[in-house]
Amino acid sequence: MKPPPEAASGQRAPNRKTSVVTGAATLFASSIFSQILGLATLIVTARLLTPTDFGVIAYFVIAVALLEIIQRAVSMTLIRQPDITEAHLNTVFTMQVLLGLGAACLIWLSTPLMPMLGLPELTELIPALCIISVLISLKSPRFPLLERDLRFAFVAGEEAISRFVYTVFAILLAWIWRDFWAVVVANFLTQVARVIWTYSTAPMWPRLTLSRWRDCLNISSWSLGAQITQFLTTNTPQLIIGATLGLADAGTFRIGFRLVSLFTNQAIAPLERVIYPALAHISRTDGTTQKAFEQTNAILLGTIIPVSVGMALVANHMIIVVIGWQWLAAAQVIWVLAPLKAIETLQANVRSASYVKGDTKRLCIRNSILLVVTIVLMLIGSSFGYFGAILGTGLSSVFAIFLTLIMARDFGTGGFFGPILVAWRSIVSTLVMVAVVLLVGGALGNHDQVGWAFNSPDDLPLLRIRFLAKVLAGVIAYVGTHLFLWHLSKRPEGFESAALNLAGGACRHVFTRGPRGESS
């Protein structure tokens, strides 16, 4: 295998801390860009498509995401392997192709099941899913080595380009067709863009071989099981709601859940791509990841909790102003799930630490237990209707947090609630933010009840003002309280210092570059 470019040119390897901070900043910027495009796509398509269309889209997107996770689990083998050869790369590529073809066959064989499940509309999606399954498997197996070497700019580029392609075609085709096929075709084109990007940044000519299958399968089998069960747990509510309450309710639930995910799971997804390689690198060089694990918990919670809780505080305003009053029932999803999913993001750090430790078997068992509990809670909850299903989802999230805290004790030092209490300044600041937003809402009058805005078109401009006032008040209260508590605590290293370092690094990068990208 060829040496990395830095080694070949005789340049010194980049400092680990600098690489991680730079990678986090790059992926965070990419995440912000992707979230803005994702929100824009959701706003436009929600106004062009029906709840039933979104119900079909929910099943399609879940299926595609599952296929991506399966392939990602195989490629993650290369990140943890101490020594990588061409044989490892070719073996991973072969496993990707076999999984892609096998999944396509299973999808095709599932065609008769759709009418039996009461979802005949999904039969139309089968051929498209088969093609996408094979397409996803063709990505360059060398691309994960860029993550392994903490070169996250290429990962950020993949995320940004694929999101841009998806947004452009999803909006354009939804405007023309006005049905769910706009999302299907946009997703196909996005996968094409991903394949092209991986080979343009990490080129190779793969060949079919399984000569290193033992190395790859030994690590990937439990990892794959852990990721699949985690994914199914996350998406089981949407699947059960669609099967028991209908595609329209599934579509409404998806809108609310999608908004929650944009500011929780998807917001930390780029950070997780930094966390795992960084912890693996620390483990290989320092032999311990305890301090890094605790600091990462503080950063995750400090970033996600205020955004999620703030979103719940203005959920009814946000739904009406952003995507229209016809989706108002989705606000209930945000009220219940946004705060819980914020804390549940701790799973990302526990998951990465488990991969580094090689304890993916226990992670898989934990996720399997959670999947069974989620299915039971959702079946019980959906029997009481739409809101009952939402409460079932919330209870499953509480159970997920409980299991996460149990596993987190192996990686930190703060006891059962240590992973949460390490972000105590963020939690206190969030409580202050909640109080301030409620006070501002009371000062604005008593017309904030759910649904009042669409009584007359003249009410909508006033609602926008109320929405903006609450958001600004919440941001100022959170940031101000956080910095005040940090100062009282004698400025310890943690979320605040990491945020300031990232901001300072970004400013230096912008203001110290010459016109051709060279230092001034």
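Please read these numbers as outputs of a predicted model, since none were measured by experiment.

Quick word on the overall build of the protein chain
Regarding its fold elements, the protein chain presents 23 helices and 0 strands. Classification of the 520 residues of the protein chain by burial places 52% in the buried group. Pairs at least 24 apart in sequence give 81% of the contacts found in the protein chain among residues at least 6 apart. Working note: accessible area of the protein chain is about 23,200 Å², and carbon and sulfur atoms make up 69% of it.

So, the nonpolar core
By size, the foremost hydrophobic cluster in this structure holds 51 residues, and its most contacted members are Leu125, Ile255, Leu259, Ile319 and Ile334. Among the elements that line this core, the one with the most residues is helix α3 (residues 51-75), at 7 residues. With sequence-adjacent residues up to four places away left out, Ile334 is seen in contact with Gly256, Leu259, Val260, Met311, Ala312, Ala315, Met318, Ile319 and Pro339. Formed by 14 residues, the second largest nonpolar core is a distinct cluster that contains Val309, Ala342, Leu405 and Ile420.

Examining the pattern of salt bridges
Taken as a whole and judged by the stated rule, the model has 5 salt bridges. The residue Glu86 makes a salt bridge to Arg142 at a minimum N-O spacing of 2.9 Å. Here the residue Glu86 occupies a position in helix α5 (residues 86-109), and Arg142 occupies one in the loop between α7 (126-136) and α8 (144-148), the gap between them amounting to 56 residues. Its relative accessible area of 30% is what places Glu86 among the partly exposed residues. With a closest N to O distance of 3.9 Å, Glu159 and Arg194 form a salt bridge.

Section: unusual backbone geometry
At Lys490, a position not held by glycine, the phi torsion is positive, near 65°. Its location among the elements puts Lys490 in the loop between α22 (459-488) and α23 (495-511). Positive phi, close to 50°, is recorded for Arg491, a residue that is not glycine. With respect to the helices, strands and loops of the structure, Arg491 is situated in the loop between α22 and α23. Here Arg491 falls in the exposed class, since its relative accessible area comes to 53%.

Focus: the confidence of the model for the protein chain
In this model, the protein chain carries an average pLDDT of 80, and 76% of its residues clear a pLDDT of 70 or more. Counted against residues more than four places away or in other chains, residues 1-14, with its pLDDT under 50, gives 10 contacts. Low pLDDT (under 50) marks residues 514-520, which in the prediction has 8 contacts with non-local residues, meaning those over four places away or in another chain.

A few points about the environment of Cys105
Position of Cys105 among the secondary structure elements: in helix α5. Linking Cys105 and Cys130, residues 25 residues apart in sequence, is a C-alpha distance of 7.4 Å.

A few points about the packing of aromatic side chains
By convention here, two paired aromatic rings are described through the distance between centres and the angle between planes. What the rule picks out here adds up to 4 aromatic pairs. Each ring, one from Phe253 and one from Phe257, has its centre 5.7 Å from the other, and the planes form 15°; the classification is stacked. Separated by 4 residues within a single helix, Phe253 and Phe257 lie in helix α12 (residues 247-262), roughly one turn from each other. Residue Phe253 shares its accessibility class with Phe257, and that shared class is buried.

Some thoughts on helix α10 (residues 181-201)
If you check α10, its first and last C-alpha atoms are 31 Å apart, about what 21 residues at 1.5 Å a residue would give, namely 30 Å. Buried residues of α10: Ala182, Val183, Val184, Ala186, Asn187, Thr190, Gln191, Ala193, Arg194, Val195, Thr198 and Thr201, and no others.

Re empty space enclosed by the protein
Evaluation of the coordinates by the stated rule reveals 3 cavities of 30 Å³ or more. Here the second largest cavity defines a volume of roughly 50 Å³. Lining the second largest cavity are Thr233, Thr234, Pro237, Lys341, Glu344, Leu370, Thr374, Ser396, Ser397 and Ala400. Contributing elements (two or more residues each) for the lining of the second largest cavity: α11 (213-245), α16 (330-344), α18 (360-382) and α19 (386-408). Of the residues that constitute the lining of the second largest cavity, the class distribution is 3 nonpolar, 5 polar and 2 charged.

A short note on the layout of surface pockets
Approximately 760 Å³ is the volume found for the second largest pocket. Around the second largest pocket sit 26 residues that line it, and Ala63, Leu66, Ile107, Ser110 and Met114 are the ones nearest its centre. For the lining of the second largest pocket, the secondary-structure elements that each account for two or more residues are α3, α5, α6 (113-116), α7 and α11. Sort the elements by how many residues they give to the lining of the second largest pocket and α3 lands first, with 7 residues.

Description of the packing of α7 against α10
Packed helices, taken two at a time, are described by the angle their axes make and the gap between the axes. Interhelical geometry of α7 versus α10 gives an angle of 15° and a closest axis separation of 10 Å. By the angle class used here, α7 and α10 are roughly parallel. The handedness of the crossing between α7 and α10 is left-handed. Between α7 and α10, the contacting residues are Ala128, Ile131, Ile132, Leu135 and Ile136 on the first element and Trp181, Val184, Phe188, Gln191, Val192 and Val195 on the second. Split into classes, the residues belonging to the contact of α7 with α10 amount to 10 nonpolar, 1 polar and no charged.

Comments concerning a nonpolar patch on the surface
A surface patch of nonpolar side chains, about 820 Å² in accessible area, is lined by Phe33, Phe164, Val168, Phe169, Leu172, Trp175, Ile176 and Trp177. For Phe164, the location among the structural elements is in helix α9 (residues 153-177). Overall, the relative accessible area of 48% leaves Phe164 in the partly exposed class.

Calculation rules
Residues numbered from 1 in each chain as written. Predicted model: local features only at pLDDT ≥ 70, side-chain atom pairs only at ≥ 80, totals over all residues. Heavy atoms only, no water. Helix = DSSP H or I, 4+ residues; strand = E, 2+ residues; numbered from the N terminus. Buried < 20%, exposed > 50% of the residue type's maximum accessible area, 1.4 Å probe, protein only. Contact = heavy atoms within 4.5 Å. Areas by Shrake-Rupley, 256 points an atom, 1.4 Å probe, with all protein chains shown as cover. Core = buried A, V, L, I, M, F, W, Y, C linked by side-chain atoms within 4.5 Å. Salt bridge = Lys/Arg side-chain N within 4 Å of Asp/Glu carboxyl O. pLDDT = per-residue confidence, 0-100. Phe/Tyr/Trp six-rings, centres within 6.5 Å; stacked < 30°, edge-to-face > 60°. Expected span 1.5 Å × (residues − 1). 1 Å grid on protein atoms, 1.4 Å probe; cavity = no way out; pocket = protein on both sides within 12 Å on 5 of 7 lines; lining within 4 Å. Points joined across faces, edges and corners; volume = space filled by probe spheres on them. Nonpolar A, V, L, I, M, F, W, Y, C, P; charged D, E, K, R; others polar. Axes fitted to C-alpha atoms, helices over the stretch in contact; angles between N-to-C directions. Parallel < 35°, antiparallel > 145°, perpendicular 65-115°, else oblique. Left-handed = near helix turned anticlockwise from the far one by under 90°. Patch = residues over 30% accessible without salt bridge, like charges linked within 9 Å, V, L, I, M, F, W, Y side chains within 5 Å.

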